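# Notes for the structure review
Take a look at the letters that make up each chain.
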Amino acid sequence: MNFAIEAKNLVKRFADIAAVNDISFIVKHGETFAILGENGAGKSTTMRMIACRSPLTTGELSVEGLNVKNADRRIRSLIGVVPQENNLDPDLNVRENLLVYSRYFRIHKEIAQTRCDELLEFIRLKEKANAKVEQLSGGMKRRLIIARALLHRPKILLLDEPTTGLDPNVRQEIWEKLEELRRTENLTIVLSTHYMDEAEKLAQRLIVMAHGRIVVEGVPHEIIKDKVKKFALEIREADSFNLRQTDKILSQKRGSTHLYFAKLPKI
Ligand SMILES: Nc1ncnc2c1ncn2[C@@H]1O[C@H](COP(=O)(O)OP(=O)(O)OP(=O)(O)O)[C@@H](O)[C@H]1O
Ligand SMILES: [Mg+2]
């Protein structure tokens, strides 16, 4: 088995939309691989196919040398998934949210208890073990979902926008944990993100998707040098301001957030 993931001419259609439109890529063992792209680019659809949660329309896809078309059960046991939307069970406390997953993966009760303790320690949520999900901050919920995805000791961790909407300190903390996992556990990590800084910080290689296709691929710092403006300013809750436009800055509106990208930190 040469690669952790190998996709050849992958296509996913929904009626007349080609959400993923003939993409090919590989992910190497033990690397972090980022999928960048704007809303609707096809990032989540690609990740759902890798996780065997959505069948391919055409193309070939193998995970740890296994074909997604006939080895989905085995592949699911090798993959930990952090979905884009938080899907913790609000009726269960933090610890129970982990334990419920151990039953899904048929992990022996005692092993699950130990693993739970280790993971709560790792994500620094030990003090919150008995708290309800609603009592957690956004960053804590995200960390808990990452822990849940690690419970069955997967070889590959798929994270769909792990830090979107979180503040810079929390993002930094999650980045450190992911890098630690990659280094110490030799985990292969695939993450999707809107943020080039996230890809630059974590990924050894990346692809940028647009309208279901790969438009750029390569090594983050080389791509940044070539294509991306170096300075970014993010203003949250900016509804009461007009988005400023000049020819020296690229400005974008995402929900109530305004983003500005520039080559130099002045106009
Ligand atoms: N179940 C579905 N049924 C129909 N169309 C879908 C479905 N899932 C995704 N799509 C469409 O496929 C395209 C790609 O969606 P996808 O969720 O993969 O994008 P994304 O890159 O993850 O975007 P975002 O950054 O907003 O999460 C979009 O046009 C979307 O509307
Ligand atoms: Mg998505």
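### Thoughts on helix H5 (residues 138-150)
Between its terminal C-alpha atoms H5 stretches 19 Å, which fits the 18 Å expected from 13 residues at 1.5 Å a residue. Taking burial as the measure, the 13 residues of H5 include ten buried ones, the bulk of the element. Burial in H5 covers these residues: Gly139, Arg142, Arg143, Leu144, Ile145, Ile146, Ala147, Arg148, Ala149 and Leu150. In this structure, the buried residues of H5 make contact with strand S6 (79-82), helix H3 (94-104), helix H4 (109-122), strand S7 (156-160) and helix H6 (168-185).

### Quick look at the site of ligand 1
In the neighbourhood of ligand 1, 14 residues make up the surrounding shell, with Gly40, Lys43, Ser44, Thr45 and Gln84 lying closest. A distance of 2.8 Å separates an oxygen atom of ligand 1 from a polar atom in the side chain of Ser44. When ligand 1 is considered free in solution it has 640 Å² of accessible area, and contact with the protein chains removes 66% of it. Per-element tally for the shell around ligand 1: the top contributor is helix H1 (residues 43-50), with four residues. Considering only residue class, the shell around ligand 1 consists of three nonpolar, seven polar and four charged.

Scoring rules and cut-offs
Residues numbered from 1 in each chain as written. Chains lettered and ligands numbered in written order. Predicted model: local features only at pLDDT ≥ 70, side-chain atom pairs only at ≥ 80, totals over all residues. Heavy atoms only, no water. Helix = DSSP H or I, 4+ residues; strand = E, 2+ residues; numbered from the N terminus. Expected span 1.5 Å × (residues − 1). Buried < 20%, exposed > 50% of the residue type's maximum accessible area, 1.4 Å probe, protein only. Contact = heavy atoms within 4.5 Å. Near = heavy atom within 4 Å. Polar contact = N/O pair within 3.5 Å; in protein donor to acceptor, adjacent residues only side chain to side chain. Areas by Shrake-Rupley, 256 points an atom, 1.4 Å probe, with all protein chains shown as cover. Nonpolar A, V, L, I, M, F, W, Y, C, P; charged D, E, K, R; others polar.

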